[in-house]
Amino acid sequence: MQDEPEVVILRLGHRPGRDERMTTHVGLTARALGADRIILESAAEGRRETIEDITDRFGGPFEVEVTDSPLGRLRSWEGSIVHLTMYGQPVQRIEDEIRASHRKEPLLVVVGAEKVSFEVYDRADWNVGVTNQPHSEIAALSVFLDRLFDGRELDREWKDADKRVVPKKTGKRVEEVE
């Protein structure tokens, strides 16, 4: 989020034809809940347009990058690394430590799409589980970002938005921003 070291999501893996919606939703969730950018594998490049379209219409800042070498990005990252996995340490036990680290340096959050190599577990400063039960990577990212930002991301201001959602008790309303 603004005025803090960046939070970058690395979407590791993408199975064309199977992960289209999941990868898109990882990107949209990352944007909506405070991350600064997402790095997608080249196999997921088609998702870039959808995520950028939402950012253009509903505001940012948020960036989408595509790489041919996601593990290279992981290996060269200068900052802390969190790997979201149901096999990790419970988020509620280590969130304060991660938050303190993030105040000082950028944070890379790895969100896998398929089986993740052991190198990811080894390179991560924290392997984090939001629950130790099977669940969605989108749910894990949502819970993690909310814990990281301590709920502040829910009141975020969006820049350069063309549209905004107007909260309502019932129904739906989207307005053009003047």
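Located above this text is the structure these notes cover.
Residues numbered from 1 in each chain as written. Predicted model: local features only at pLDDT ≥ 70, side-chain atom pairs only at ≥ 80, totals over all residues. Heavy atoms only, no water.

*Asks:* Give me the lowdown on the overall build of the protein chain, citing residues and values where you can.
*Replies:* What the protein chain contains, in helices and strands, is six helices and eight strands. Secondary structure elements of the protein chain occur, N-terminal to C-terminal, as β-α-β-α-β-α-β-α-β-α-β-α-β-β. By the compact-globule yardstick of 16 Å for 178 residues, the protein chain fits well, its C-alpha radius of gyration being 16 Å. Once the C-alpha set of the protein chain is aligned to its principal axes, its extents read approximately 50 × 35 × 30 Å. The buried share of the protein chain, reckoned over its 178 residues, is 46%. Across the protein chain, the fraction of contacts at a sequence separation of at least 24, relative to all contacts at a separation of at least 6, is 82%. Here the protein chain has roughly 9,800 Å² of accessible surface; of this, 45% comes from carbon and sulfur atoms. (Helix = DSSP H or I, 4+ residues; strand = E, 2+ residues; numbered from the N terminus. Rg over C-alpha atoms; globule rule 2.2 N^0.38 Å. Buried < 20%, exposed > 50% of the residue type's maximum accessible area, 1.4 Å probe, protein only. Contact = heavy atoms within 4.5 Å. Areas by Shrake-Rupley, 256 points an atom, 1.4 Å probe, with all protein chains shown as cover.)

*Asks:* Talk me through the nonpolar core; I want residue IDs and the actual numbers.
*Replies:* Residues Ile9 and Phe144 are the most contacted members of the largest nonpolar core, which totals 30 residues. Secondary-structure elements contributing two or more residues to this core are β1 (7-12), α1 (20-32), β2 (37-41), β4 (80-90), α4 (91-104), β5 (107-112), β6 (126-129) and α6 (137-149). In terms of residues, this core owes the most to one element, α6, which gives seven residues. Residues contacting Ile9, with those up to four places away along its chain left out, are Val26, Ala30, Ala35, Arg37, Ile38, Ile39, Val109, Val111 and Leu141. Counting 12 residues, the second largest nonpolar core, distinct from the first, contains Val8, Leu10, Trp77 and Ala124. (Core = buried A, V, L, I, M, F, W, Y, C linked by side-chain atoms within 4.5 Å.)

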